[in-house]
Amino acid sequence: MTDVTVLTRHEMARRVAQDIPEGWYVNLGIGIPTMVADCIPDGREVLLHSENGILGMGAAPAPDQINPWLINAGKQHVTLRQGGAFFHHADSFAMIRGGHIDLCVLGAFEVAENGDIANWATSAADAAPAVGGAMDLAVGAKRIWVVTEHTTKQGAPKLVERCAYPLTALGAVSRIYTNLAVIDVTREGFVVLEMVPGLTLEALQAQTGAALRLKDKQDV
Amino acid sequence: MTDVTVLTRHEMARRVAQDIPEGWYVNLGIGIPTMVADCIPDGREVLLHSENGILGMGAAPAPDQINPWLINAGKQHVTLRQGGAFFHHADSFAMIRGGHIDLCVLGAFEVAENGDIANWATSAADAAPAVGGAMDLAVGAKRIWVVTEHTTKQGAPKLVERCAYPLTALGAVSRIYTNLAVIDVTREGFVVLEMVPGLTLEALQAQTGAALRLKDKQDV
Amino acid sequence: MIDKIVGDIAAALDGVRDGSTILVGGFGAVGQPDALIEGLIEQGARDLTVVANNAGAGLVGLAKLLAAGRVRKIICSFPRSAGSVVFEELFKAGRLELEIVPQGTLAERIRAAGAGVGAFYTPTAYGTKLADGKESRMIAGRNHVLEFALPGDVALVEAWRADRWGNCVFRESGRNFNPVMATAAGLTVVQTQHVAALGDLDPEAIVTPGIFVQRVVHVPYGDPRG
Amino acid sequence: MIDKIVGDIAAALDGVRDGSTILVGGFGAVGQPDALIEGLIEQGARDLTVVANNAGAGLVGLAKLLAAGRVRKIICSFPRSAGSVVFEELFKAGRLELEIVPQGTLAERIRAAGAGVGAFYTPTAYGTKLADGKESRMIAGRNHVLEFALPGDVALVEAWRADRWGNCVFRESGRNFNPVMATAAGLTVVQTQHVAALGDLDPEAIVTPGIFVQRVVHVPYGDPRG
């Protein structure tokens, strides 16, 4: 692993942004997902949705141009692009639940090889976990991508056979971007699309809690 | 009956209008109910709702001032008062079903002494009856008043023990205004509040399909 | 650059398949996407299920689509109205299936489809023949009927102004079913009286955000007819 | 003449009873009816159930109401956030009941209450512990959970502009839960930054028609705090 350059959080966000085509309606979760917004190439029209009733969010405002009335779901100040719109919470979640969001990018505690995601409660005993809109997004968006460190800070795998933490949604995740690799979640389990330079499948497997296989050339 | 002056359709509408206090949100069905709109005294703010997404309808327009974009649920041209609002059909019926309409005035084929109303289909065999918003209004409005001729053109009673026609809603009607009387629908059945001058309870009973009783003085 | 505005009605309706469910906006003649309905006749799709409040009047719009024999079934609240002669003839002849739905239940079933709600309980129609065969349930002391979401393959919508992202506003009582249906179809096609530049529509007053719209075609149709 | 505008906050909250369910608008600090919440503390009602997205932050607004011991139960999607110290203390001490509801389900349950829908099936939370003990059902090939309408006795709403009929518009992300909650309570009270003359609000752009509003109080509060 000494020769391997792992991606920074910002590089992970940029890697995700690369794969978002023009015209998609995208909801970005809190954390690294939020950073994806600033990595979308200028001129590529990707329309950002926020649970609190905004479509067409723009870049973060300059410090002297903050509008205190305009925050995103993470309570950060944002801007609105020309063509953006405001609506109320029930309409906002109608967009989410109704399958109108092309992509939601979420963080996760764990993702299982069957696409289950756990990202809202760190133990079944936690009596006051904050679910927010995660469950609605996980079942509602057309696709769920997870962006996360490949392991916990303690080195435990976050990509696992079955989630141990309380689930957010069943079978929801289709792709995972980590600091080490890009991995599809398929019916046959985790399929590695790319790894950071210098990383071997064996080394990646050692940090992963479920079987990996490399994408065959003929899978393309 | 020879000395009895029955109310005209316009007089029936005016009688209903008398009883509508300022501040009520009111939906008016097709026929005599629609005529109630023009009988509300000037200066009494009663807010008229239309199923097709209008709150705050005003008087009918002058012939040379028709706005072809502004029709009511009966497809007649209307106007909008200052303070009126437009909304879509799902929001409009949320107002209706959600109990936000103080009063709906409907026509009826039959009203039963238990408050059942039949006003949408003239026979169980009719395979293509037009229900429109009648069922939603009948269950949703805070109160349903029916305004109707006391009998059919053939002289058959429209106020009955049990409806024979297909029902619009169960136990919905609280008051009936006819060309002969004003009648409350109570747990004890039909209670006559007033009759046109010269009419006796016996004569009214003869034209009614269920038992009537006069409102006791002490009921007030 | 996202540009949902297409050049003509043929492009707007390209790919509509036989057997589709078509949601058609409008209430009476107001807000009816007549140009798109005419275009659908040209386009040729058949065996359609049409969801609309009315079943057409006269010989134009929906009535013309019915007359052309393209519709297998109609789901509506008010089939019979002044001038609904085409509907009446086809229905009597047994050449058209009919599903009558109370107007509010119709709007709510379409909204449910757009909002990802599989089914809902409504007090409307409980105890009537329109609830025959439907599940019912007492909730909070009141009887309710179970109704299922009603999605469309295609929604035909008339707007007053729309922009290249598909944001729409409507005009007066022309709003009616249009924004609800726009949310509930895989392909939502808007005929708009006016095209607005991006940013010209007030973000506080947009009724249908563009996320619900796939194609926009400019049809300066004029006032409702009839 | 209908005039829903009352003179002060005490009049706006007159009659709120112990044991009431209070819907509180706002998302984060934006669109929170803080003056009404403070007024509710003054007013004195206790044993309240509060429905809000968050459980308050710092020592103002909702947190202050919690700290005053007036709340028996809170129904929300995101209780823990930066500064939710009052909530955390009360909850740990067992002095506050908590019902966690996914944010979209929360919004839809409130909407259902306002729209006369008794209950609905949503795919959200199926297979998770938030669906424990709830009915589920396969609809159109997908598992759904049954959720019930969540009405309030009182809704506290912050608007940007309101008129004497109770028509309201909101400002940017201050809209959030406010218009939904406005539909779902027996008594909807609006604190508005600005009072508009009747007719000044564009009928095409009114977000909350006055039918949903019982009282309006003018509170030129200024920008969201926090």
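Preceding this paragraph is the structure being described.
Everything numeric here is computed off the predicted structure, so don't read it as measured data. (Residues numbered from 1 in each chain as written. Chains lettered and ligands numbered in written order. Predicted model: local features only at pLDDT ≥ 70, side-chain atom pairs only at ≥ 80, totals over all residues. Heavy atoms only, no water.)

1. Considerations on the sheet that holds strand S12 (residues 189-195) of chain B
All names here are of chain B.
Part 1 of the reasoning: Within the open sheet, the 10 strands sit side by side as S4-S3-S2-S1-S5-S8-S10-S11-S12-S13. Their pairing is mixed. Lying at the two open borders of the sheet, with one neighbouring strand each, are strand S4 (79-86) and strand S13 (212-214). Across the sheet, the axes of successive neighbouring strands diverge by a mean angle of 30 degrees, strand direction being ignored.
Part 2 of the reasoning: Bridge count for strand S1 (residues 25-28) against strand S5 (residues 103-106) is 3 bridges, and the pairing is parallel. Bridging across to S5, Leu28 finds its partner in Val105. (Pairing = 2+ DSSP bridges. Helix = DSSP H or I, 4+ residues; strand = E, 2+ residues; numbered from the N terminus. Axes fitted to C-alpha atoms, helices over the stretch in contact; angles between N-to-C directions.)

2. A closer look at the interface of chain B and chain C
Part 1 of the reasoning: Each partner contributes to the interface: chain B provides 37 residues, whereas chain C provides 46 residues.
Part 2 of the reasoning: Counting each side, the surface lost to burial between chain B and chain C is near 3,300 Å², with a carbon and sulfur contribution of 65%.
Part 3 of the reasoning: Among the residues chain B hides against chain C, the three largest losses belong to Trp69, His89 and Arg97 of chain B. Together they make up 25% of the total.
Part 4 of the reasoning: Our count for the chain B to chain C interface comes out at 1 salt bridge.
Part 5 of the reasoning: Note that Glu108 of chain C is salt-bridged to Arg97 of chain B, the shortest N-O span being 3.9 Å.
Part 6 of the reasoning: Inspection of the chain B/chain C interface yields 15 residue pairs in polar contact (both at pLDDT 80 or more). (Contact = heavy atoms within 4.5 Å. Buried area = accessible area lost by both parts, 1.4 Å probe. Salt bridge = Lys/Arg side-chain N within 4 Å of Asp/Glu carboxyl O. Polar contact = N/O pair within 3.5 Å; in protein donor to acceptor, adjacent residues only side chain to side chain.)

3. A short note on the packing of aromatic side chains
Part 1 of the reasoning: Enumeration according to the criterion identifies 11 aromatic pairs over all chains in this entry.
Part 2 of the reasoning: Relative to Trp160 of chain C, the ring of Trp69 of chain B lies with its centre 5.3 Å away and its plane at 75 degrees, an arrangement referred to as edge-to-face. On the criterion of chain membership, the pair formed by Trp69 of chain B in the loop between strand S3 (54-58) and S4 and Trp160 of chain C in strand S9 (residues 152-162) is interchain, its members lying in two chains.
Part 3 of the reasoning: The class of Trp69 of chain B is buried, set by a relative accessible area of 3%.
Part 4 of the reasoning: Following the ring pairs from residue to residue traces out a cluster consisting of Trp24, Trp145 and Tyr177 of chain A.
Part 5 of the reasoning: Over the aromatic face of Phe27 of chain D sits the side chain of Lys75 of chain A, whose NZ or CZ is 4.7 Å from the ring centroid.
Part 6 of the reasoning: Above the plane of the ring of Trp145 of chain A lies Arg175 of chain A, whose end atom (NZ or CZ) is 5.4 Å from the centre. (Phe/Tyr/Trp six-rings, centres within 6.5 Å; stacked < 30°, edge-to-face > 60°. Buried < 20%, exposed > 50% of the residue type's maximum accessible area, 1.4 Å probe, protein only. Lys NZ or Arg CZ within 6 Å of the ring centre and 35° of its normal.)

4. Looking at the interface of chain B and chain D
Part 1 of the reasoning: Facing the 22 residues of chain B at the interface are 21 residues of chain D.
Part 2 of the reasoning: Buried surface at the junction of chain B and chain D, both sides included, amounts to about 1,800 Å², of which 60% is carbon and sulfur.
Part 3 of the reasoning: Linking chain B with chain D are 1 salt bridge.
Part 4 of the reasoning: Residues Arg164 of chain D and Glu45 of chain B are paired through a salt bridge, measuring 2.9 Å at the closest nitrogen-oxygen approach.
Part 5 of the reasoning: The interface formed by chain B and chain D contains 12 residue pairs in polar contact (both at pLDDT 80 or more).
Part 6 of the reasoning: For the side of chain B that touches chain D, the secondary-structure elements that each account for two or more residues are S4 and helix H3 (89-97) of chain B.
Part 7 of the reasoning: Grouping the constituent residues of the side of chain B that touches chain D by class yields 12 nonpolar, 6 polar and 4 charged. (Nonpolar A, V, L, I, M, F, W, Y, C, P; charged D, E, K, R; others polar.)

5. Details of the nonpolar core
Part 1 of the reasoning: Ranked by internal contacts, the top residues of the largest apolar core, which has 47 residues, are Ile117, Val173, Ile176, Ile183, Phe190 and Leu204 of chain A.
Part 2 of the reasoning: Contributions of two or more residues to this core are made by helix H3 (89-97), strand S5 (103-106), helix H4 (134-140), strand S8 (144-147), strand S10 (173-177), strand S11 (181-186), strand S12 (189-195) and helix H5 (201-206) of chain A.
Part 3 of the reasoning: Not counting chain neighbours up to four residues away, the residues in contact with Ile117 of chain A comprise Leu106, Gly107, Ala108, Glu110, Ala138, Val146, Cys163, Leu167, Thr168, Ala169, Ala172 and Val173 of chain A.
Part 4 of the reasoning: Membership of the second largest hydrophobic core comes to 43 residues, among which are Val131 and Met135 of chain A together with Leu13 and Leu48 of chain D. (Core = buried A, V, L, I, M, F, W, Y, C linked by side-chain atoms within 4.5 Å.)

6. Considerations on the packing of H3 of chain B against helix H5 (residues 103-115) of chain C
Part 1 of the reasoning: Contact pair H3 of chain B / H5 of chain C: the axes reach a minimum separation of 9 Å and the direction vectors enclose 125 degrees. As summarised for this structure, H3 of chain B and H5 of chain C are arranged oblique, according to the angle between their axes. Both H3 of chain B and H5 of chain C take part in a crossing whose hand is left-handed. Together, His89, Ala90, Phe93 and Arg97 of chain B of H3 of chain B and Gln103, Gly104, Ala107, Glu108 and Arg111 of chain C of H5 of chain C make up the contact between the two elements.
Part 2 of the reasoning: Along the lines of polarity and charge, the residues of the contact of H3 of chain B with H5 of chain C split into 3 nonpolar, 3 polar and 3 charged. (Parallel < 35°, antiparallel > 145°, perpendicular 65-115°, else oblique. Left-handed = near helix turned anticlockwise from the far one by under 90°.)

7. Concerning empty space enclosed by the protein
Part 1 of the reasoning: Tallied over the entire structure, the rule returns 7 cavities of 30 Å³ or more.
Part 2 of the reasoning: Considered as a void within the structure, the largest cavity measures approximately 750 Å³ in volume.
Part 3 of the reasoning: Residue lining of the largest cavity: 42 residues in total, with His88 and Asp91 of chain A, His88 and Asp91 of chain B together with Val207 of chain C positioned closest to the centre.
Part 4 of the reasoning: For the lining of the largest cavity, the secondary-structure elements that each account for two or more residues are H3 of chain A, H3 of chain B, H5 and helix H6 (178-182) of chain C together with helix H5 (103-115) and helix H6 (178-182) of chain D.
Part 5 of the reasoning: Residues of the lining of the largest cavity, tallied by class, amount to 26 nonpolar, 8 polar and 8 charged. (1 Å grid on protein atoms, 1.4 Å probe; cavity = no way out; pocket = protein on both sides within 12 Å on 5 of 7 lines; lining within 4 Å. Points joined across faces, edges and corners; volume = space filled by probe spheres on them.)

8. Some details on the side chain of His150 of chain A
Part 1 of the reasoning: With respect to the helices and strands, the residue His150 of chain A is situated in the loop between S8 and strand S9 (159-160).
Part 2 of the reasoning: Excluding its chain neighbours within four sequence positions, the residues that come into contact with His150 of chain A are Pro157, Lys158, Leu159, Thr178, Asn179, Leu180, Ile183, Leu204, Gln207 and Thr208 of chain A.

9. As for the pattern of salt bridges
When charged atoms on two side chains of opposite charge get close, those side chains can pair.
Part 1 of the reasoning: With the rule as written, the count across this model stands at 38 salt bridges over all chains.
Part 2 of the reasoning: We note a salt bridge from Glu97 of chain C to Arg72 of chain C, for which the minimum N-O separation is 2.8 Å. With Glu97 of chain C in strand S5 (residues 97-100) and Arg72 of chain C in strand S4 (residues 71-76), the pair connects residues that are 25 residues apart, well separated along the chain.
Part 3 of the reasoning: By relative accessible area, which is 38% here, Glu97 of chain C ends up partly exposed.
Part 4 of the reasoning: Residue classification places Arg72 of chain C among the partly exposed positions, given a relative accessible area of 37%.
Part 5 of the reasoning: Residue Arg72 of chain D pairs with Asp47 of chain D through a salt bridge whose shortest N-O separation is 3.3 Å. With a gap of 25 residues between them, Arg72 of chain D in strand S4 (residues 71-76) and Asp47 of chain D in the loop between helix H2 (34-43) and strand S3 (48-51) connect regions that are remote in the sequence.
Part 6 of the reasoning: When its relative accessible area of 40% is taken as the criterion, Asp47 of chain D is described as partly exposed.

10. Examining H3 of chain B
Residue and element names in this part refer to chain B.
Part 1 of the reasoning: For H3, the buried fraction is high: 8 of the 9 residues fall into the buried class.
Part 2 of the reasoning: Residues of H3 that are buried: His89, Ala90, Ser92, Phe93, Ala94, Met95, Ile96 and Arg97.
Part 3 of the reasoning: Looking one or two residues beyond H3, the residue adopting positive phi is Gly99, at roughly 80 degrees.

11. A short note on the sheet that holds strand S6 (residues 110-112) of chain A
All names here are of chain A.
Part 1 of the reasoning: On the basis of which strands lie adjacent, the open sheet formed by 3 strands has the order S7-S6-S9 and mixed pairing. Edge positions in the sheet fall to strand S7 (117-118) and S9, since each of these pairs with one other strand and no more.
Part 2 of the reasoning: The pairing of S6 with S9 spans 2 bridges and is parallel. Residue pairing in the sheet places Ala112 in a bridge with Val160 of S9.

12. Comments concerning helix H1 (residues 9-18) of chain B
Part 1 of the reasoning: Residues of H1 of chain B that are buried: Met12, Ala13, Arg15, Val16 and Ala17 of chain B.
Part 2 of the reasoning: The secondary structure elements touched by the buried residues of H1 of chain B are helix H2 (32-36), S5, strand S8 (144-147), strand S10 (173-177), strand S11 (181-186) and S12 of chain B.

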